[in-house]
Amino acid sequence: MFNSTSASSESPRPTYLDLTSLERSWRKGLTPAPDLDVVEWAEEYRKLSKESSNGGRFVTARVEVARGPMLAATEPGVATITLMACTQLLKTTVIENILGRFIHIDPCPILVVQPKDDAAETFSKDRLAPMIRDTKVLRDLFGDAKATDAGATLTHKQFPGGHVTLVGSNSPTNLAMRPIRLLCCDEIDKYPLSAGGEGPPIDLAEERQAEFKTNSLSVRACSPTVTGRSAIEASYDESDQRKAFVRCPHCEHWHPLEWEQVRFDKDEGGKIRAETARYECVGCDKPWTESQRLVALRKIEWRQTRAFTCCGENQVPERWAPEAHGVRRALCLHCGTMAVPNDHAGFVASKLYAPKQTIRETVAKFARALRRGPEALRTFFNTQLARTWKEGADAPDWQDVYTRRDSYLAGTVSRGVLILFGGVDVQKDRLEVSVWGFGRNRERWLIEHRVLPGDTNRAPVWKDLEAMFGETWEHESGADMTVRDWGIDSSGFTAEVYAFVRSQAGRPVHAVDGQDSYAAAFLGVGAKDATPAGKKLRRGLKTIRVGASFAKQELMGCLALQRPSEGKPYPAGFVHLPRDVTEDQVKQLTAEELVTHVTRGRTRREWVPIGGRRNEVLDCANYARGLAAMRGWDRWRETHWRELEGALGIERDRPAGLPEASVPEAVVAAGSLAARNLQRASAKRSRVRSRTTR
Ligand SMILES: [Zn+2]
Ligand SMILES: [Zn+2]
């Protein structure tokens, strides 16, 4: 049994040549722990826990891609390791094995940082404790510690020669508590920008390593998030940017596996056929079978890919030194020196390197995310591809959005539109009204935007709005549509709006309460039974609570979607704008950007108007979106779409490939809003022409 007692902070990395530590061990009559790297240690001592796997010995070859990052922990010169990886591939394994190896054979003060205190406790309970319990050498060490020091807690555990402390990134006092040599920062994209106003948590923690300048190690791990705001991406960019190269079974070309080389076919309807998914070599374009991919994954070369300047030339690595400590260092083409420093070793790995997830499974996940829209796609990019997501949330360029507008005219309703919602923004001297159409595939259409001028303290402008409620809009099929629900912003001119909404009893007209929430577009119904002045109301008014921040973020992502080439289907969530939409309307639609603030150590992301732009068109869009969510747009299935189509009389024109519609009369059930629209349509066939708004 090994029971390390080389517990000296002056010589924290003992080797066989380290006589002092050997001598000390002899004196104590114990066998010194052998000097092993993390891979050797894990294969020799680590037992996997049933909680996270099937149990049994740790075998690096099962996650070959983790070998390089593990070896970097003892690679001479490396002080920082960055792991930008997809979920459930190597991050936790690498962190656990590094912890185990240092606790056992190179004991020192260790700090593990998680985003919050409860995450730190969870890591201690679900990861650290089972590893200690199932790995005998660790169990013995902590067993000793317990006997002598009963003070072991969930977040602080002592062992001979060191301790492991687990803290949340939001507590500056814990981060700055005492000197540490090994620092593991997990999930760093979830840290606040500043811990309690004292600076970035990682900086605070790394300052604690000053006493161990020559042999400290800092490990940072996370899946990336949003481009430009991802801490792990920034950290990887600073690193030597190692990539995992594998060899093509056909042409022997070594290259990193990239998503761009994954191919799949689509059916006539444009749907991805995941069963056709395959990886194609970037060198020879030949497809790999799944078993060829698994064979390729058995031999991984981590190579530095960071560009550098040497011999007066800017170079991208093309030549590498032979592998040592699991890495091939980049060489200058001219003088042959190792031109990229290795003090910061960065690793990136996607699910394409996961032996347990096939390319087909990855593509099936991609297809699902595509169907569900930008938020789901972002998650796919982050958690599966280990890539940041370039977020349209930063308000896409209004010119780009303006350029990709549709060919229909404002006031007309395209074929894909199957239900209408109206949003009204209230200003002192006018009302602004948008009518939006919603359809399948999460697509939506701006039908028109109107400005109704007039003092909102006075009746006439409200009369104009009321008149709009009676209007119909002609669908491309010839049917006239009414707006299903109208939502009026009640935040600014509450009394006027409540009074007006009350006067519309019996009509689907609602007071809307926009909230700074990212939870959902529709947050439920709020009861207002008192006026702002505190006067009790006899019959309380219900307000529709809309998640304005959610709606804005979603809309910006959707506006950033590219128009597909001719004949190709629209991407899920595509926002259609009329040909005659004005530049000003598009500017307003893209008028806000997401800004990150830090106040007293807490990060807040807030939508703020871009330099002086008005945003009424955007607000109207959000109210309409909230109403659509209220009616269930987000979860409607094909049967419901066909009901709506049936009511509009366009079931004959359903796209090819869809099954026969069920009997329209039967499905146009009582209460179906489309049915009601149709009845109104036949009663009143007036066509509303688009009016210019300003
Ligand atoms: Zn090839
Ligand atoms: Zn050179």
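None of the values given here were measured: they were computed from a predicted structure.

1. Considerations on the overall build of the chain
What the chain contains, in helices and strands, is 21 helices and 31 strands. The burial tally for the chain puts 46% of its 694 residues in the buried class. Summarising the internal contacts of the chain: among those between residues at least 6 apart in sequence, 69% fall at separations of at least 24.

2. Examining the environment of Lys-47
Its location among the elements puts Lys-47 in strand E1 (residues 47-48). In this structure Lys-47 comes out as partly exposed when scored by C-beta crowding, with 19 C-beta atoms within 10 Å. Along the chain, Lys-47 and Asp-134 lie 87 residues apart, while their C-alpha atoms are 5.7 Å from each other. Beyond its immediate stretch of four places on either side in the chain, Lys-47 contacts Arg-57, Asp-134 and Thr-135.

3. Some points on the nonpolar core
Membership of the largest hydrophobic core comes to 94 residues, with the highest contact counts inside it found for Ile-98 and Ala-349. Ranked by the residues each element gives to this core, the list is headed by helix H4 (residues 91-105), at seven residues. Per-domain counts for this core show at least three residues from each of domain 1 (19-242) and domain 2 (246-383). With near-sequence residues (within four places) excluded, Ile-98 lies in contact with Val-38, Met-70, Ala-73, Cys-184 and Val-219. One finds Ala-410, Leu-420, Trp-473 and Ala-624 within the second-largest nonpolar core, a separate group that totals 69 residues.

4. Brief notes about the sheet that holds strand E13 (residues 287-288)
Judged by pairing direction, the sheet is antiparallel, and its three strands sit side by side in the order E11-E12-E13 without closing on themselves. Both outer strands of the open sheet, strand E11 (262-266) and E13, are each paired with one neighbouring strand and no more. In terms of strand pairing, strand E12 (residues 272-280) meets E13 through two bridges, oriented antiparallel. Bridge pairing in E13 links Glu-280 to Pro-287. Along the sheet face, helix H11 (residues 359-372) touches E11 and E12 and points at about 130° away from the line of E12.

5. Description of the environment of Phe-245
Considering the arrangement of structural elements, one finds Phe-245 in strand E9 (residues 242-247). On the basis of neighbour counts, which here come to 19 C-beta atoms within 10 Å, the residue Phe-245 falls in the partly exposed class. Taking the C-alpha atoms as reference points, Phe-245 and Trp-302, 57 residues apart in sequence, are found 6.0 Å from one another.

6. Notes on the packing of helix H2 (residues 38-45) against H4
Running from N to C, H2 and H4 point in directions that differ by 85°, and their axes come no closer than 9 Å. On the basis of the axis angle, H2 is roughly perpendicular to H4. Judged by residue contacts, Val-38, Trp-41, Ala-42 and Tyr-45 of H2 engage Asn-97, Ile-98, Gly-100, Arg-101, His-104 and Ile-105 from H4. Each residue belonging to the contact of H2 with H4 can be placed in one class, and the counts come to six nonpolar, three polar and one charged.

7. Comments concerning the confidence of the model for the chain
Per-residue confidence for the chain gives a mean pLDDT of 84; residues scoring 70 or more make up 83%. Ranking the helices and strands of the chain by mean pLDDT puts helix H3 (residues 67-72) first, with 98, and helix H20 (residues 664-667) last, with 29. Overall, residues 25-29 carries pLDDT values under 50, and its contacts beyond four positions in sequence, including any with other chains, amount to five contacts. Scored below 50 in pLDDT, residues 652-694 makes 59 contacts in the model with residues more than four places away or belonging to other chains.

8. Some remarks on unusual backbone geometry
If you check the backbone angles, Gln-88 has positive phi at about 55° while not being a glycine. Tracing the chain through its elements places Gln-88 in the loop between strand E3 (80-85) and H4. Residue classification places Gln-88 among the partly exposed positions, given that 15 C-beta atoms sit within 10 Å. Residue Arg-442 is not a glycine yet carries a positive backbone phi of 60°. Its place among the elements puts Arg-442 in the loop between strand E21 (430-438) and strand E22 (444-453).

9. Examining the packing of H11 against helix H12 (residues 374-383)
Remark: H11 packs on H12, axes separated minimally by 6 Å, with the N-to-C direction vectors making an angle of 150°. Of the possible angle classes, the one that applies to H11 and H12 is roughly antiparallel. Crossing of H11 over H12 shows left-handed handedness. Of the residues in H12, those in contact with Lys-365, Phe-366, Ala-369, Leu-370 and Arg-372 of H11 are Ala-376, Leu-377, Thr-379 and Phe-380. Partitioning the contact of H11 with H12 into residue classes produces six nonpolar, one polar and two charged.

10. Observations concerning the pairing of strand E25 (residues 485-489)
Extensive coverage of E25 is indicated by the burial of five of its five residues. A two-sided burial pattern is seen for E25, the buried positions comprising Asp-485, Gly-487 and Asp-489 on one face and Trp-486 and Ile-488 on the other. Across four bridges, the pairing between strand E20 (residues 419-426) and E25 is parallel. For Gly-423, the partnering residue across the bridge sits in E25 and is Gly-487. Note that E25 and strand E26 (residues 509-515) share four bridges and pair parallel. When the bridges of E26 are listed, Ile-488 appears paired with Ala-511.

11. Quick notes on the environment of Cys-332
Structurally, Cys-332 can be placed in the loop between strand E18 (330-331) and strand E19 (344-349). Residue Cys-332 is classed as partly exposed on the basis of its 19 C-beta neighbours within 10 Å. As a C-alpha pair, Cys-332 and Trp-320 span twelve residues in sequence and 8.5 Å in three-dimensional space. Discounting residues that sit within four places of it in the chain, Cys-332 has contacts with Cys-310, Cys-311, Gln-315, Thr-337 and Ala-339.

12. Examining helix H9 (residues 231-238)
Within H9, burial applies to Ala-231, Ile-232, Glu-233, Ser-235 and Tyr-236. Residues of H9 that are buried sit in contact with E3, strand E8 (217-222) and E19.

13. Points about helix H19 (residues 638-648)
Within H19, burial applies to Arg-642, Glu-643, Leu-644, Glu-645, Gly-646, Ala-647 and Leu-648. Immediately beyond the C-terminal end of H19, within one or two residues, lies Gly-649, with a positive phi of roughly 75°.

Cut-offs applied
- Residues numbered from 1 in each chain as written.
- Chains lettered and ligands numbered in written order.
- Predicted model: local features only at pLDDT ≥ 70, side-chain atom pairs only at ≥ 80, totals over all residues.
- Helix = DSSP H or I, 4+ residues; strand = E, 2+ residues; numbered from the N terminus.
- Buried ≥ 20, exposed ≤ 12 C-beta atoms within 10 Å, placed from the backbone.
- Contact = placed C-beta atoms within 7 Å.
- Core = buried A, V, L, I, M, F, W, Y, C linked by C-beta atoms within 7 Å.
- Domains from an automatic or database assignment.
- Pairing = 2+ DSSP bridges.
- Axes fitted to C-alpha atoms, helices over the stretch in contact; angles between N-to-C directions.
- Parallel < 35°, antiparallel > 145°, perpendicular 65-115°, else oblique.
- Nonpolar A, V, L, I, M, F, W, Y, C, P; charged D, E, K, R; others polar.
- pLDDT = per-residue confidence, 0-100.
- Left-handed = near helix turned anticlockwise from the far one by under 90°.

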